[in-house]
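# Structure assessment
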Amino acid sequence: MARRGHRPSQGSPQRPRFWGRHAVLAALANPERTVRKLWGTHEALSQLDLPSTLTVTYAEAADLGRLVPSDAPHQGMVAEVDPLEDIWLGDLIERGRSDTRPLLVLDQVTDPHNVGAILRSAAAFDALGIVTQDRHAPPESGTVARTASGALEIVPWVRVVNLARALEEIAEAGYWRIGLTGNTDLTLDQAMGSDKVALVLGAEGEGMRQNTAAHCDTLARLPISDQIESLNVSNAAAIALYAAATRRS
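My aim in this report is to walk through the structure given alongside it, one point at a time. (Residues numbered from 1 in each chain as written. Predicted model: local features only at pLDDT ≥ 70, side-chain atom pairs only at ≥ 80, totals over all residues. Heavy atoms only, no water.)

### Focus: the overall build of the chain
- When helices and strands are tallied, the chain shows ten helices and ten strands.
- A compact globule built from 249 residues should have a C-alpha radius of gyration of about 18 Å, and the chain, at 19 Å, falls within 12% of that.
- For the chain, the spread of C-alpha atoms along the three principal axes comes to 55 × 40 × 35 Å.
- Taken across its 249 residues, the chain has 47% of its residues classed as buried. (Helix = DSSP H or I, 4+ residues; strand = E, 2+ residues; numbered from the N terminus. Rg over C-alpha atoms; globule rule 2.2 N^0.38 Å. Buried < 20%, exposed > 50% of the residue type's maximum accessible area, 1.4 Å probe, protein only.)

This is the structure in structure tokens:
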């Protein structure tokens with residue numbers, strides 16, 4: 001029986017379903033990802049070189065629509081997968097020890113569309129990875145994968161129990177922690193004071209929690225017009241990553 005409030009068409013946290021060409025093909029191409037089942041139309045799957053061990057079911061587009069949330073753009077492909085193995089923060093930091101790629105830290109960003117869009121921007125601007133608090137971030141899901149457009153498979157995603165302790169570990173590794181907020185005069189460009197930066201963004205609407213802001217080295221704002229109060233967190237992340245990429249180049 002499905003849990004109350006959980007739609008069977010979305011799979012489960014233990015076996016999420018991905019849909020859409022980019023999300024499914026990226027999952028199939030990722031050697032770290034286990035794809036358990038694949039459903040698709042003959043047209044969508046005809047050009048794919050699929051492993052013989054994969055369970056494949058051919059179906060009509062209307063039948064695929066019943067495997068995913070209503071109106072989900074499945075593009076003729078649906079896959080049931082295992083979540084990726086957990087990544088430790090220390091291992092991610094070790095990967096970035098010899099380069100200056102930025103880290104993204106998300107404080108209770110819970111909307112899967114926003115997290116997916118942030119993953120896509122992180123891939124586009126070559127971020128080292130993203131860090132979220134385990135209890136206050138969405139699980140891997142079809143919505144995250146679809147919005148990320150394949151980036152879920154290539155951008156390391158670390159989930160931590162305590163975000164404040166994670167920020168302390170990030171600082172010990174030599175990162176300059178910049179919290180993005182509208183409540184400061186310092187701009188992001190002025191705050192970029194180190195070769196290695198961790199960009200910290202708060203939740204939709206509420207922004208960073210006070211304790212998270214206290215664990216940043218500085219707070220900075222994006223120089224947006226007074227005509228608008230704030231940007232969506234995924235838009236802010238993309239702009240901040242662009243600023244970091246421009247500084248690196």
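Now that the structure has been shown, the text picks up again.
### A closer look at the packing of aromatic side chains
- For the structure on display, the rule yields one aromatic pair.
- When the ring of F125 is compared with that of Y242, the centres are 6.1 Å apart and the planes differ by 70°; the resulting orientation is edge-to-face. Of this pair, F125 sits in the loop between α5 (112-124) and β6 (129-133) while Y242 sits in helix α10 (residues 233-248), placing them 117 residues apart in sequence.
- Using a relative accessible area of 25% as the deciding quantity, one classes F125 as partly exposed.
- Residue placement shows R159 over the ring face of W157; its charged tip is 4.0 Å from the ring centre. (Phe/Tyr/Trp six-rings, centres within 6.5 Å; stacked < 30°, edge-to-face > 60°. Lys NZ or Arg CZ within 6 Å of the ring centre and 35° of its normal.)

### What to know about the nonpolar core
- L119, I130, L199 and L201 are the most contacted members of the largest nonpolar core, which totals 44 residues.
- For this core, the leading source of residues is α10, giving six residues.
- Leaving out residues up to four positions away in the same chain, L199 has contacts with L103, L104, V105, I178, L188, A240, L241 and A244.
- Membership of the second largest hydrophobic core comes to 19 residues, among which are L103, L163, V200 and M208. (Core = buried A, V, L, I, M, F, W, Y, C linked by side-chain atoms within 4.5 Å. Contact = heavy atoms within 4.5 Å.)

### Topic: the sheet that holds strand β4 (residues 77-81)
- Across the sheet, which stays open at both edges, the four strands sit in the order β1-β4-β2-β3 with mixed pairing between neighbours. A single partner strand is all that each edge strand has here, and the edge strands are β1 (17-19) and β3 (55-58). When the angles between neighbouring strand axes are averaged without regard to direction, this sheet yields 20°.
- Judged from the four bridges that link them, strand β2 (residues 35-40) and β3 form a sheet pairing that is parallel. (Pairing = 2+ DSSP bridges. Axes fitted to C-alpha atoms, helices over the stretch in contact; angles between N-to-C directions.)

### Points about the packing of α5 against α10
- Following both chains from N to C, one finds α5 and α10 inclined at 10°, their axes separated by 8 Å at the closest point. The angle between α5 and α10 places the two elements in the roughly parallel class. In the packing of α5 onto α10, the handedness of the crossing is right-handed. Across the interface between the two elements, N114, A117, I118, S121 and A122 of α5 pack against V233, S234, A237, A238 and L241 of α10.
- Considered class by class, the residues forming the contact of α5 with α10 number seven nonpolar, three polar and no charged. (Parallel < 35°, antiparallel > 145°, perpendicular 65-115°, else oblique. Left-handed = near helix turned anticlockwise from the far one by under 90°. Nonpolar A, V, L, I, M, F, W, Y, C, P; charged D, E, K, R; others polar.)

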